[in-house]
Amino acid sequence: MIYLRVSIAAMVLAGGIFATHSFRPRVAATPHWPLREFPSDIGLSHSEDRPFEVQVVRAVGADDYINRVYLGSTLPVELYVGYYKDQRSGDRIHSPKNCLPGSGWEAVHSSRVQIGLEGGVPVLVNGYLVAQGPRRNMVLYWYQSHGRIVASEYLAKFLLIADGLKSRPSDGALVRIWTTASDGEASAQARAVDFARRVYPQIEEFLPD
């Protein structure tokens, strides 16, 4: 019975993906606000741009991105936002869950982390404590588009399929926050959550409606 349910779910997902690739949306995504103009000062922090090398940019495949380190009264926090104006050509957004091991980071544990409350509904994102030798870092990430913040890769894919079937634009962004956990996991998560709470409403202003 479990195998049957999994098989049906896989067929539905495959059919949806085929549909999103087979039918072009009638309405293209409206232009987004250039991410380079995202605020360089968040709270008491100022920032430094940390652009990727050319080969990394090609591998990431984003149409626009920022990668910055915010410095101030607390330990540094890195913000990455990658915007993709059309995801119908394949799995363009690479999940950090899959990319972290390829970069030498191992997940110690993961959880859903609340970064806000919208209309009485918790805003949940992915939280990962990762390790590389003795180093420990805290990573938060989520998918953001059209007023939605989604933690689950599967739900993000489902919503992409639903938008494609309704002839809606298939653009979206991946947001990742990264900070050291050298001061302890609880402190690192609190710092990352506080930063996320400040930036996610501003990120929405840079994405198409």
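Residues numbered from 1 in each chain as written. Predicted model: local features only at pLDDT ≥ 70, side-chain atom pairs only at ≥ 80, totals over all residues. Heavy atoms only, no water.

**Looking at the overall build of the protein**
Each helix and strand counted, the protein has 5 helices and 8 strands in total. Sequence-ordered secondary structure for the protein, helices as α and strands as β, is α-β-α-β-β-α-β-β-β-β-α-β-α. Evaluated residue by residue, the protein yields a buried proportion of 41% over its 209 residues. A sequence separation of at least 24 residues applies to 66% of the contacts in the protein between residues at least 6 apart. Per element, the accessible surface of the protein, about 11600 Å² overall, is 58% carbon and sulfur. (Helix = DSSP H or I, 4+ residues; strand = E, 2+ residues; numbered from the N terminus. Buried < 20%, exposed > 50% of the residue type's maximum accessible area, 1.4 Å probe, protein only. Contact = heavy atoms within 4.5 Å. Areas by Shrake-Rupley, 256 points an atom, 1.4 Å probe, with all protein chains shown as cover.)

**Section: the nonpolar core**
A general tendency of soluble globular proteins is for nonpolar side chains to be buried together. Core analysis: the biggest nonpolar cluster contains 31 residues, and Phe-38, Leu-79, Ile-115, Leu-140, Trp-142 and Ile-177 have the highest contact counts within it. Among the secondary structure elements, those contributing two or more residues to this core are β2 (64-71), β3 (77-84), β4 (106-118), β5 (121-132), β6 (135-145), β8 (172-180) and α5 (185-205). With 8 residues, α5 is the largest single contributor of residues to this core. Residue contacts for Leu-140: discarding those within four places in its chain leaves Val-113, Ile-115, Val-125, Asn-126, Gly-127, Val-175, Arg-176, Ile-177, Ala-192, Val-193 and Ala-196. By size, the runner-up hydrophobic cluster in this structure holds 13 residues, among which are Tyr-80, Ile-93, Leu-100 and Val-139. (Core = buried A, V, L, I, M, F, W, Y, C linked by side-chain atoms within 4.5 Å.)

**With respect to the confidence of the model for the protein**
Across the protein, the average pLDDT comes to 83, with 79% of residues at 70 or higher. Note that residues 1-26 has pLDDT below 50 and, in this model, 21 contacts with residues that lie over four places away or in other chains. (pLDDT = per-residue confidence, 0-100.)

**What about the packing of aromatic side chains?**
Evaluation of the coordinates by the stated rule reveals 8 aromatic pairs. With 5.1 Å between their ring centres and 5° between their planes, Phe-52 and Tyr-65 make a pair best called stacked. Residue Phe-52 is located in the loop between β1 (46-49) and α2 (54-60), and its partner Tyr-65 is located in strand β2; the two are separated by 13 residues in the primary sequence. Note on Tyr-65: relative accessible area 21%, which makes it partly exposed. Between Phe-52 and Tyr-80, the aromatic rings sit 5.7 Å apart at their centres with planes inclined by 40°, giving tilted as the arrangement. Here the residue Phe-52 occupies a position in the loop between β1 and α2, and Tyr-80 occupies one in strand β3, the gap between them amounting to 28 residues. Its relative accessible area of 5% is what places Tyr-80 among the buried residues. By the ring-pair criterion, three or more aromatic residues cluster together here, those being Phe-52, Tyr-65 and Tyr-80. (Phe/Tyr/Trp six-rings, centres within 6.5 Å; stacked < 30°, edge-to-face > 60°.)

**Observations regarding the side chain of Ser-45**
Summarising the element assignment, Ser-45 is placed in the loop between α1 (2-22) and β1. With residues near it in sequence (within four places) discarded, Ser-45 still touches Ser-40, Tyr-70, Leu-71 and Gly-72.

**Let's talk about unusual backbone geometry**
Residues other than glycine seldom take positive phi values, yet His-146 does so here, at roughly 50°. The residue His-146 is located in the loop between β6 and β7 (148-150) in this model.

**Description of α5**
Compared with the 30 Å implied by 1.5 Å per residue over 21 residues, the 31 Å span of α5 between its first and last C-alpha is a close match. Its axis deflected by about 30° at Val-199, α5 carries its strongest bend there, up to four residues before the proline Pro-201. (Expected span 1.5 Å × (residues − 1). Bend = angle between axes of the 7 residues up to and from the residue.)

**Here's the deal with the pairing of β8**
A large share of β8 lies buried, amounting to 8 of its 9 residues. Note that β3 and β8 share 8 bridges and pair antiparallel. The residue of β8 that forms the bridge with Glu-78 is Trp-178. Note: β6 against β8, 8 bridges, orientation antiparallel. Opposite Leu-140, over in β8, you have Ile-177 as the bridge partner. (Pairing = 2+ DSSP bridges.)

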